[in-house]
Structure formats: structure tokens, C-alpha cells
Protein chains: 4
Amino acid sequence: MIKTGIIGAAGYSGLELIKLLLDHPEVEITRLFGFNSAGNRIDDVHPLLRGLITNEIHVYDEKLIAELDLLFIALPSGNAFPFVIDAYEKGIRVIDLGGDFRLNNINDYKTYYKHEHTAPGLANIAVYGLSELNEQEIKNAAIVANPGCYSTSILLPLVPLLKENIITKDFISIVSYSGTSGAGKSVTENMMFSEVNESVRAYKIGKHQHIPEITRYLLKFGGSDPNFSFVPHLLPITRGIYTTIQTKVNKSVNENLCINLFTEYYSDSPFVRIVHPDIPEIKNVSGTNFCDIGCTINNGIITIISTIDNLIKGAAGQAIQNMNIMFRLEQTEGILKCSKKQYLKVQSI
Amino acid sequence: MIKTGIIGAAGYSGLELIKLLLDHPEVEITRLFGFNSAGNRIDDVHPLLRGLITNEIHVYDEKLIAELDLLFIALPSGNAFPFVIDAYEKGIRVIDLGGDFRLNNINDYKTYYKHEHTAPGLANIAVYGLSELNEQEIKNAAIVANPGCYSTSILLPLVPLLKENIITKDFISIVSYSGTSGAGKSVTENMMFSEVNESVRAYKIGKHQHIPEITRYLLKFGGSDPNFSFVPHLLPITRGIYTTIQTKVNKSVNENLCINLFTEYYSDSPFVRIVHPDIPEIKNVSGTNFCDIGCTINNGIITIISTIDNLIKGAAGQAIQNMNIMFRLEQTEGILKCSKKQYLKVQSI
Amino acid sequence: MIKTGIIGAAGYSGLELIKLLLDHPEVEITRLFGFNSAGNRIDDVHPLLRGLITNEIHVYDEKLIAELDLLFIALPSGNAFPFVIDAYEKGIRVIDLGGDFRLNNINDYKTYYKHEHTAPGLANIAVYGLSELNEQEIKNAAIVANPGCYSTSILLPLVPLLKENIITKDFISIVSYSGTSGAGKSVTENMMFSEVNESVRAYKIGKHQHIPEITRYLLKFGGSDPNFSFVPHLLPITRGIYTTIQTKVNKSVNENLCINLFTEYYSDSPFVRIVHPDIPEIKNVSGTNFCDIGCTINNGIITIISTIDNLIKGAAGQAIQNMNIMFRLEQTEGILKCSKKQYLKVQSI
Amino acid sequence: MIKTGIIGAAGYSGLELIKLLLDHPEVEITRLFGFNSAGNRIDDVHPLLRGLITNEIHVYDEKLIAELDLLFIALPSGNAFPFVIDAYEKGIRVIDLGGDFRLNNINDYKTYYKHEHTAPGLANIAVYGLSELNEQEIKNAAIVANPGCYSTSILLPLVPLLKENIITKDFISIVSYSGTSGAGKSVTENMMFSEVNESVRAYKIGKHQHIPEITRYLLKFGGSDPNFSFVPHLLPITRGIYTTIQTKVNKSVNENLCINLFTEYYSDSPFVRIVHPDIPEIKNVSGTNFCDIGCTINNGIITIISTIDNLIKGAAGQAIQNMNIMFRLEQTEGILKCSKKQYLKVQSI
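Computed from a predicted structure; not experimentally measured. (Residues numbered from 1 in each chain as written. Chains lettered and ligands numbered in written order. Predicted model: local features only at pLDDT ≥ 70, side-chain atom pairs only at ≥ 80, totals over all residues. Heavy atoms only, no water.)

Chemist: What is the right way to look at the sheet that holds strand β10 (residues 228-234) of chain D in this model?
Modeler: In a beta sheet, neighbouring strands pair by backbone hydrogen bonds and run either parallel or antiparallel. Ordered by their spatial adjacency, seven strands build an open sheet running β9-β10-β8-β11-β14-β13-β12 (chain D), and the pairing between neighbours is mixed. The open sheet is flanked by β9 (201-202) and β12 (272-274) of chain D, the only strands paired with a single partner. (Pairing = 2+ DSSP bridges. Helix = DSSP H or I, 4+ residues; strand = E, 2+ residues; numbered from the N terminus.)

Structure follows, in C-alpha cells:
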């Protein structure tokens, strides 16, 4: 059994981690940590968990992590540094669901996250946890920087197209829509039900902290540094990210070529589903670790759609996928709701 | 492995059954049946299932059920009769998620369901599948009539109070609110998004088909035939039932007495959670097989709140709970997202 | 032109007042007051108002109200006292949309509102602003206590039934559901979109501050002090209150008798609509000052449904209706979206 | 009084027309026409209208339109032809809220609308009703083709930028999100609450019927035929369109230049509001005839946001704005909820 701890158990990603780990056959939830929530039982903080788990939430204490094999950190960005440093020194592996170790350029970090980076020595040791594209590095990582939710929905479809030089690099339009749980549990007026319901708004245009992350990993995985513009929006739903990317195709490619490229590129990736000619919908990935990708081409312009559940493939699910990779389990263990592989071939009578 | 078939695989309850059974270690989904959907693959009908199961949906054929151990019927009420008759004759056990076998009074059936009952001979053979209250009969049932979603949320809290003579019988007010998935997938104007969103409406006051079901089983399990009035409402959410019951208490009982009664009555029921002094909320049971129950007493009037996920405890989850009982598995197998019992005791350092 | 001021212009009721008053032919919005919002233009605080009004929000100052004919106070309960005292002393009429002057029992006020009542001398001078039932007193009121939203939806249907001795008084079950705007703009975790969406919860059972208000005015208008239990719930919609009342009928009354009673009782009330045999729905009153009322009777139990828009008939709309009464205008001026009475008779060719 | 008729009174745009016209001081709603709804009273079809209007809905009959000054047609596209022909022959002016007269290329019409165009002789007589850009032609039009909702949200911001050669023409990315009422009242499975709620989906990528309309009028008003790609999406809200446009800027323009251009271009347009540095939100235009426009520029890419209420500025509101223009009334009559112009200058003490 892998002994795990979670810092930030009282948040939405923390809850999602617990829900998934409770059903994971190889994992023990050994320690839960919190700040304001410390001293409470986890099922009092998340009443959904009543009857499932009764662990107490503790104030972080280095003695309490000594026995752990893995520490998940599910905190708002800017808060992970001391815990990652401490765990690293103790030789405990870490998966950080926040953004503190996704960038190695400390100036970019400060610009976009509005915090100082207080562990620059670890910035290059951390490994980016986009499971499908970085499996080899994740396997042996001491620190995994779990990807941003928007970034996941953008990198998975764009990387293969950039690697194969199928799309132009001078201008890529990226428009994403997110449910409210992506903003976490911080209490602000503009996240109140009456403010969000029956509305939509773009925000942080050109300033979102996932921009340098996307730039960095398009270069690393796609070998390309395209000029893209990313516009995130807030949706009146709780879960889900929907990304619509448009750009010109470089050569005379057609939809089938792209669909085949995606299909082949992700043929060993159980969580990437290529959807065609249907169009992905949030409800088809909600509650799952899947990323659905589709595309169409008209008049030399490709429209690429991808969708994920921001709390699962965009956070807790991908974190567990990474844990599975780190501990040499099957990638799907505990997060693919299908224990029976036989269904995956067409059955006839 | 229990070989199962599902009639009505294309509906919402059918989808929920498949999602749950895919993760059930003792079950094989052997046959899927449909009407308009027949000839398609199940993952084309429910794109959520892509990558999980590829079975074809068949037109019902008695040869295709021969090998089955259990047949789930997830059809709108009025459609189950021929299939139940056929399965019963073949000795295949059946769980009907619709309402066709919940009443043994054929006239009541016709009055409330607006159909003829065409299998009256089986009406008394069928066993009511309210798992917590009828386990012994369910164990050996040939035909299980899975309870209505509203009925489940009403019977579980009312039965112990009636048995113990705690509440009056001359007038019980029952007000329930349901998400839209309770209406199934039938396409009608009044279930369109633009009609349901940002609104609420009561419907079928005094005429709902769960009324005779509640009456029958309050008598059977609670030993009482109280005068209740049941008002169902439609909510602009997809999943969940919220039931608020009010009536006078007979004697000088207080909240603690009632809470203790509930707690004791359901002490062996892993899916009934007594919530106090907190108040149940739909979001705490959404996606689970739990029924949360709470109560308060003021001025001699008790307010009882209960909540379930209508597609799980109110349909597919309870059906699988009943299957587990019928096949001598643990009740929780496949439907309690917690494979590790150790969490259920408070852990200290 | 009636010169009006609004204290609490930055809140939801303040916004609704402004939207309605902008279109009122006899009113000038002369002064807007706020606290944190003071110094801003009202259309910067409520961007919906851009292009409609540009008034600045001021810190309250007694000199700024000198010229006013009427002061609306749209603050959370507990905050109106000094402003009402000041206006009263200056002879400026006041309509308080909060709860501070709805009760004359100071102890009840403290018990339910958790504040001291600091203007007890005015508690008996204030007139309850339930327009349909208290028109004569409102006409000459110096201070109008605008009714609570729940109270409005409950008193309008219950009063006629109690007056005519049609229902029992030993137990009335009142279940109400409200949209989130009823909670105002205060920022709390439990009103965040992610917490409210796709859920429902009851709250303040037996403790809601509208309970003594309902009690007081059932006695005043209905001549009766029945034993009722009131359970408010929070709904994932922005606007609207839905109230479902159940009780036993005293005599052999039927639906038609009750419908006729309602119809006659409210025959001069343009904002009360009796709905039968249809059932009221929130969407039919949303954005209007209407209260829709319907009822059914089964087995000696009457189910009464009423619905209002909590921000209009439950707050700003009724406040303007009261203003119209106070200033001898037509009750409907500015709040009935129909300037042409001829439509109200059936037109034939 | 302008005597008006409405064909399609039972639909959502029909309802919105009635709600607005009821409050319009210069208009009489003289005739309502319907198909399945004929024979009913309009307030039985739309219970929201109870107490406001009681007109009967008639089967269309040429005798019943003889006395009219103006006929609104609010039907699904493909159904307006015979009525427009009839009215035109009788000299009665028409505003068609559907798409049947927005294109003059009959082949394009057939390709995108999947119907034959059966009034080609009138296709060039009809005048496009984008009020802000085509006022002179609208004034004297016999037939006004009211713009599509998406088209309105796209043309208003793009035309000034194209006219001034500020943006590139080789690729413009247009991503729009619409509430469900845009799909009208037709009853289909994919518009059911349970299918739409908590999800998002793109649809008709490269095939939407507004594409040739946008092309035609970008050329007419903007003098340009750019290569754009338009991706419409469905949102789980009832009302509102949100459009996010991205393209490269041609020259070294900055945000202020664009904002000033918009501001000047629409300085006489009371319904276009330029929002900066804030970002438009659906809730700020919901229930109004406003179009809010904003923009930002980063790395040579401009992001333009615009938002409207699809049933008002995208349908009924703009139709009335056009009526006002046709009948020489103030553009704002009946649709700007502000009868008092004095608020539009900053008031100081």
C-alpha cells in the first residue's frame, strides 16, 4: 500500500483526491492536513464523505509525514513551497496540484502568479505531470508539477499538430470556458451564485497564469513556440472545461488526416478519446479522467475542440494517474471506472 | 460472475446501471437491449461510455436472455410486463426499476399509471426492493420491484417514526422536489431547458403514481395507514430528490429521541446516514447511494428532511444493492466508493 | 415628481429599485447612498445600468436628504434604525425594505434578528406594507415596513382562508423555496456558486426571522393565531420564491369554493392572480410584481401554492406599489408592464 | 397608434415582442396569429401574460391583417414566405424575425437553411435590420429582415474595425456561446434540461446559417470579405449570447485607439455600450436591448468581446427598434427602460 498524505484536504481538489483514493486498491490515505480546517474530522468538513472516512485533519507537522510514500499538495498557488522543500529533503515524493512548480523561469512565475518563488533550486528538479506526454520523466520524479486544468485541455490537442507541422505558428486563437470549481473554494463576491448564474464573462485576457505554462510545454513537447492568444471564461456550471482552438492549417490537410494523427498519437493513452464526426461535450467527460478531442476543417481553418473535467483530468484524476506512473501501477488504476477490459472489444453474439 | 442483461439501456437509469456495473467486481454486463437504439453500440448512444464498453444494443429476443442470471428492466412504467413474464417463466431473476410491480392492487395500478396491468398473476409474487426494510424477502425474490425515487426518500424516514408511534396519523404533509432526470428521457415541451431553468413547479398534486406505493408500504413496514398529502415539484437541477415532511408528534418526544431512533434503526444500513444537527443537502448525496435523514422539532411539529440521488439510491444504485442481496454479496459491493473499511474509525496519531 | 433617495443602492434590492424607478413617470431618483460603494457612480457599481443613469453614490448625510419626499432603505436588517429615526424627525416618509420595523415586540426582534432594536419608539408607528391587505394604513404612513419575501408569499394566500375559517389552526405546514438573491449580496462560503449549484438545502428551520412577522400579521389580517411550521429552503436559481402550504380544511369545502374566495378577495388587486386548474410556476412571475396563487384539495387536505419574484413583489416592486399608494398614484404605476388597459378584456373580431 | 400583428405569437420571440409592445406608448397589439396555438387566448399559452393581455390567437387570414400598419413574423426560418408575400402585396410593412430574407443569394439560402426560397422576387427588396448600421434603408423599408442573434453580436464590433483596416482579413476566429432560447421552442432531445444542464457543446461548425449573413453584411457595411471561422456553442443558460473574436491587428494599434474608434462610431447609438477596461458580461445586458462591446490587445492579437440578450437585441428588441425607425419614433421608444434623460449626465450636489 502506498501511504499518502494530502495538504489542502478541505478544498475541492482535496475532496476529489479523497473520493478517488478511497476507491484505489493500492493506496492508503494516511494523513490529511489543513489550516483553518485542522482539528476537524474530514467528513465534517466534507459531509459527502460521511460513512466513508473519518480521518482527522492535522496541522502540518514534519513528523507526521515521515512515514509517507507520497504527498499530494492541493493548495492555491503560492502556498506549496515550504511543504515541497520539506518533503524533498526527507526524500518523500510530491505531487503539487497547484502552479508553483510548473515554471522554471522565476521571473515569469512572479509576473503571472504575483508571488515570489521561494524554492528556485527545485524549479528545475520538478517534472511536469502531463501524464500522456511526459511519462518517462514522471516515473522517476521526486517532485511532479501537476498541470493546470486549462493547460491540459490545450496541450493535449495542440502538441501533436505542432509536432507534425500541421498548423501555422503565427497566430493560434485559444478560447476556453471553465466551471466555477476551477476557482477553488476562495470566497469572493464575483463567485457568488447570484453573480455567476445565467451569465458568462471572460477574465484575465492575456494575463492568465497558464499562459507561460502553455508556452513552455508547447516548446518542450511540440518543439514549437507559436504566437497564441488565450481567453479564459467563467461558466455557470460547477465542473468542466471546454476549449475551442482555431488556427490556419499549414498544408492541404483534411480532417481525416488530423483525426488519424490524434488517434495514432494517443493510441496507448486510455484517457484520451478522439471524437469524430461527433463534437465533444462537457457532459461526456464530467466525473471522469478523460480528455475528449475532436476537430473540423473549413476554408483552411482548423477548429479543435477539447474537453475535460477540471477537477479530475484537470487536477485530482491526473494527479493519481501520475502517482500510478510513479509507483509503477497501471495508469488507469483507481480512476478508470471499468475493471473489465473485455468490454473494450465489440461483442457479437 | 453474475451474468446480467439490461432492457432499456439507452435511458438514464440504464446508463447509470452500466456505469455502476462496469466497476462491480462480480458482475458481467452480458446483454443490452433497446428499442429505437437497437443496432447501435452502447457507447454511441451514451458517448460518456466511450473507452469503457462497446457492447451492441439488441432487440429483445428470448434466446439472448437464456444464459443470464439476472435481468434489469429500466423502462418507463407500463412496458415491463412481457419481459418480466418471459424471464419469470425461464427462471431468470428480474429487477424492474419501473413501477409495474410495485402495486398488487390492479385497480390502483390502472388509476395511477393509466395502463392496464397485464401480469396480475405476478403482482403478488414480486417483492418490493426497498433494501433496508425488506432484505429477507429480497434475498429469495424471483422478481424485485425496485422502489420509486420519491417513495424511497419518504419511506425510509417515515417507517421508523410510524412504527414507534411517534407521529400523528391524521395528517402528514410531504413535500418533495426532484431533479429532471427523474422524468427520464422522454421528450416533452415542459422538460425543455428553457422551460425548466430558473423556475419551479408543483405537478400531479394528489395524483402521483407513488401515492399508492407509499400507502402500501407504510402499512407493510410501518404498520400504519396515515392520511398524508404528497406534493411533488420539479427543480432546475439534473439529479437529486429533496423531501421535507411535516407532521405533529404524538407524545413529548424531542429531537434527540428521534435522532437516536433513526440511528439505531439504521445501524446496520451502510447507505442511510443520520445527519444532526446539520441539515441534509442534495450535493452531499449526489453521485452516491446514500439516503441522508435529519429532523428537527418545534412546537410539537416535527420537520423531517431526507435526500437521495434519484438515479442511484432512487433507481440504479438501489437496484444493484438489491442484486447484491439476492446474490449473497455484501450490500455495498460496487456501490460504496470506499474499498477500505479502516477509514471508518477515527484515526489518531 | 416625487423626489426619492435610496440607502443601500449597491445591493440587489437597491438595483431593482433603480431599474423600476427609472421607468416610473412620477419619480425622480434624487439621491443614492452607500457605504463601501460611496464615491462611485452607480453605473460602475451596477454595470447593467450603464447608459441609463450616472448618479454618484454618496455617504449618508442628513443635508442630502432634506429635499426628499421619500427615502427607500434597502439594507440588511439591523442597519436601518438611525436612518429611519433621522428621516422621521425631518418629516420625510420612509419605506424600509429590511426587517427592522416589521415587529413591534422588541424581544421577538432581538430573538430572531440577533440585533438590539434601537428605535423602539417607532416600532408602533411603522405600518406594515403588505399592499393588498393594508392599503388604508399605508396611505398615510410615515414609515412603511415593507414585508419579507417569504411572508408576502405566505400571508396573501393564508389570510383569506383563515378569515373565512376554511382551514384548521392546529397545524399548518409551510414549505418555501427561495432563489439566492434573497440572501442579498453578502459574501459567504455557503452562497458560492459551487456550493449552491445542483443542490438544495433547508435552513433556519423553526428559527427564521419571518416567523414572528407571519404570526403577527396572520393575527392582524386573518384574525387567527394558527400553529404553523415554516421551513425555508435555498434553491439554485437567482430569483423567485415558491411556497407550498398544506393543512386540513375545516368543513366540507372544495377547490371551487376556495378559488372563488381567492378570486373575490383579490378582485381589486391587480397583482394577485388566481391560477386554476393550472399550477403556479416561478417563471410566470419572474421579473414581475405578481403573486400567483392556486390550490387543490384531496382527502380533506388543501395544498396551496403561491409564487412571487422575491426581488420585485418580495422587495422593490412592493415598495414601489406602497409608494404609489402613499402618494395617491395608481397602484400599478411603473410596475405593471402594460400601459394599455384595453387588452384586459377579450377581444373578438 | 401603430396597429401591429404578430405571426408566431406562441413562440419565445413572440412572447418577448408582446411583453415589450405592451409597454410601448405608440403601439397597439391588434392581431395575434398562430398555428397549433390558434383558438387559445394568448395568456393561456403564455401564463406570464395573465392579467396583462387577453387577445385570442387566430389562424392567419388575409382579412385579419387588412387594417394593420405592421406585421411582425416570429416563425422558425423557412415559414415566413407566404405571409411576407401577402403583406407586401397589401402594402403592409413587415419585420421578419426569422432568416428568410437575410440573404439575397437563393443558392446560399438553400444550402444553409435547407429550404427552398419561395419568394426570390422579394429577396432584394428586403432591407437588413441591423438598426445601428442600416438606419436610412430601414426608414423606408417595406420588408425588414431582422438580423440573426449571433450576426448582431458579431457585425456590431467587426464592422468598424474592418472599415478602418485595423484587423487582418486572412483569418478571424469567431467563437460564440448562446443560451437555449435561441433555439426557439421546438422540442428535441438535445434541448432537454437533462441534456443541456451542466454541459457545453459546439455545433454546426462551419455550417451555421448565420455564416453567409455575416459574410454578406461584413462586405456591405465593413467593405471587406475576410476569411473568418465561426463556431457557435450551446450554453446551459436561458438567455444571452457571448461572442469572443480574435484576430491579428494590421498596424501598431493599441487598445485605446480601438476603444476610441468604437466609442466614436457608436456615439449616436443608445444601445451600443463600449466597456473598458472592464470586460462585458451577459448579466449586464440580460433583459435589455444593449450590445456591450470591449477589447484588449496582446502581442499583436486583438480579443473583442461582445454580448447581447438574444431575445431582445438579438430578436424582439431590435425588431421594435426597427419599427421605431420605420415609423419615425425615437429609436429607444418602449425598449430603453429609462424615461428620464437627465440621469445620463453625472449629477453632483
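Chemist: How do you make sense of the packing of helix α7 (residues 149-163) of chain B against helix α10 (residues 255-265) of chain B when you look at a structure like this?
Modeler: Residue and element names in this part refer to chain B. At their nearest, the axes of α7 and α10 sit 10 Å apart, and the two run at 110° to each other. Here α7 lies roughly perpendicular to α10, going by the angle between them. Facing α7, whose interface residues are Pro157, Val159, Pro160, Leu161 and Lys163, α10 presents Cys258, Leu261, Phe262 and Tyr265. The residue makeup of the contact of α7 with α10, split by class, is eight nonpolar, no polar and one charged. (Axes fitted to C-alpha atoms, helices over the stretch in contact; angles between N-to-C directions. Parallel < 35°, antiparallel > 145°, perpendicular 65-115°, else oblique. Contact = heavy atoms within 4.5 Å. Nonpolar A, V, L, I, M, F, W, Y, C, P; charged D, E, K, R; others polar.)

Chemist: Mind showing me how you'd approach helix α11 (residues 312-326) of chain C here?
Modeler: Since the α-helix packs 3.6 residues into each turn, any two residues three or four apart lie on the same face. All names here are of chain C. Across its 15 residues, α11 extends only 18 Å between first and last C-alpha, which sits more than 12% below the 21 Å expected from 1.5 Å per residue. The largest bend in α11 is about 45°, located at glutamine 318. Among the 15 residues of α11, 15 are classified as buried, and the element is accordingly described as predominantly covered. The positive-phi residue at the C-terminal boundary of α11 is arginine 328, with phi of around 60°. (Expected span 1.5 Å × (residues − 1). Bend = angle between axes of the 7 residues up to and from the residue. Buried < 20%, exposed > 50% of the residue type's maximum accessible area, 1.4 Å probe, protein only.)

Chemist: What should I look at first to understand the relation of the copies chain A and chain D in this one?
Modeler: Superposing the two chain copies requires a rotation about an axis and a translation along that axis. For the pair chain A and chain D, the relating rotation is 180°, the translation along its axis is 0.0 Å, and the fit reaches an RMSD of 0.0 Å. The transformation just described matches what one would write down for a two-fold rotation axis. Nearest to the rotation axis, the C-alpha of serine 173 of chain A is located 3.3 Å from it, this being the minimum over chain A. A share of 100% of the interface residues of chain A reappears at the interface of chain D, consistent with the copies meeting face to face through the same patch. (Least-squares fit on C-alpha atoms with pLDDT ≥ 70 in both.)

Chemist: Explain the domain arrangement of chain A to me, please; I cannot follow it from the model alone.
Modeler: Interface size is often expressed as the accessible area that is lost when the parts come together. Residue and element names in this part refer to chain A. What the domain assignment lists for chain A is domain 1 (2-147 + 312-347) and domain 2 (149-308). For domain 1 and domain 2, the distance between their C-alpha centres works out to 23 Å. On the side of domain 2, 33 residues touch domain 1, which itself brings 30 residues to the contact. Between domain 1 and domain 2, roughly 2,600 Å² of surface is buried when both sides are summed, and carbon and sulfur atoms account for 63% of that area. The interface formed by domain 1 and domain 2 contains three salt bridges. Glutamate 137 is the partner of lysine 220 in a salt bridge, and the nearest nitrogen-oxygen pair spans 2.8 Å. Counting across the interface, domain 1 meets domain 2 through eleven residue pairs in polar contact (both at pLDDT 80 or more). Those elements that place two or more of their residues in the side of domain 1 that touches domain 2 are α1 (12-22), α4 (106-113) and α11 (312-326). In terms of residue count, the dominant contributor to the side of domain 1 that touches domain 2 is α11 (six residues). (Domains from an automatic or database assignment. Buried area = accessible area lost by both parts, 1.4 Å probe. Salt bridge = Lys/Arg side-chain N within 4 Å of Asp/Glu carboxyl O. Polar contact = N/O pair within 3.5 Å; in protein donor to acceptor, adjacent residues only side chain to side chain.)

Chemist: What should I look at first to understand the packing of aromatic side chains in this one?
Modeler: Given two aromatic rings, their pairing is described by the distance between the two centres and the angle made by the two planes. Residue and element names in this part refer to chain A. Scanning the model with the defined rule gives 54 aromatic pairs over all chains in all. With 5.7 Å between their ring centres and 25° between their planes, tyrosine 217 and phenylalanine 221 make a pair best called stacked. You can see tyrosine 217 and its partner phenylalanine 221 sitting in helix α9 (residues 210-222), four residues apart, about one turn around the helix. Here tyrosine 217 and phenylalanine 221 have matching classes, each one buried. Among the aromatic residues, those joined into a ring-pair cluster are Phe33, Phe35, Tyr60 and Phe83. Positioned above the aromatic ring of phenylalanine 290 is the side chain of arginine 273, whose terminal nitrogen or guanidinium carbon lies 3.7 Å from the ring centre. (Phe/Tyr/Trp six-rings, centres within 6.5 Å; stacked < 30°, edge-to-face > 60°. Lys NZ or Arg CZ within 6 Å of the ring centre and 35° of its normal.)

Chemist: Mind showing me how you'd approach empty space enclosed by the protein here?
Modeler: Throughout the structure, instances matching the rule amount to 14 cavities of 30 Å³ or more. The volume enclosed by the largest cavity comes to roughly 110 Å³. Around the largest cavity, the lining comprises 17 residues; the ones closest to its centre are Asn197 of chain A, Asn197 of chain B, Asn197 of chain C together with Asn197 and Pro236 of chain D. Considered class by class, the residues forming the lining of the largest cavity number nine nonpolar, four polar and four charged. (1 Å grid on protein atoms, 1.4 Å probe; cavity = no way out; pocket = protein on both sides within 12 Å on 5 of 7 lines; lining within 4 Å. Points joined across faces, edges and corners; volume = space filled by probe spheres on them.)

Chemist: Sorry, what's going on with the sheet that holds strand β7 (residues 143-145) of chain A here?
Modeler: All names here are of chain A. With parallel pairing, seven strands are arranged side by side in an open sheet as β3-β2-β1-β4-β5-β7-β6. Strands with a single pairing partner mark the edges of an open sheet, and in this sheet they are β3 (57-58) and β6 (127-128). In terms of strand pairing, strand β1 (residues 2-7) meets strand β4 (residues 70-73) through four bridges, oriented parallel. Bridge pairing in β4 links isoleucine 6 to phenylalanine 72. Contacting β1, β4, β5 (93-96) and β7, helix α3 (residues 81-90) crosses the sheet at an angle of about 170° to β4.

Chemist: It is not clear to me how the interface of chain A and chain D should be interpreted in this structure. Could you clarify?
Modeler: Counting from both sides, the interface comprises 41 residues of chain A and, opposite them, 41 residues of chain D. Where chain A abuts chain D, roughly 3,500 Å² becomes buried across the two surfaces, and 56% of that area is made up of carbon and sulfur atoms. At the junction of chain A with chain D, the criterion picks out four salt bridges. Here lysine 248 of chain D ties to aspartate 170 of chain A by a salt bridge, and the two come within 2.5 Å at their closest N and O atoms. Where chain A packs against chain D, one counts 21 residue pairs in polar contact (both at pLDDT 80 or more). Elements supplying a minimum of two residues to the side of chain A that touches chain D: β8 (172-178), β9 (201-202), β10 (228-234), β11 (241-248), β13 (291-298) and β14 (301-308) of chain A. For the side of chain A that touches chain D, the leading source of residues is β11 of chain A, giving five residues. Class assignment of the residues belonging to the side of chain A that touches chain D gives a composition of 19 nonpolar, 14 polar and eight charged.

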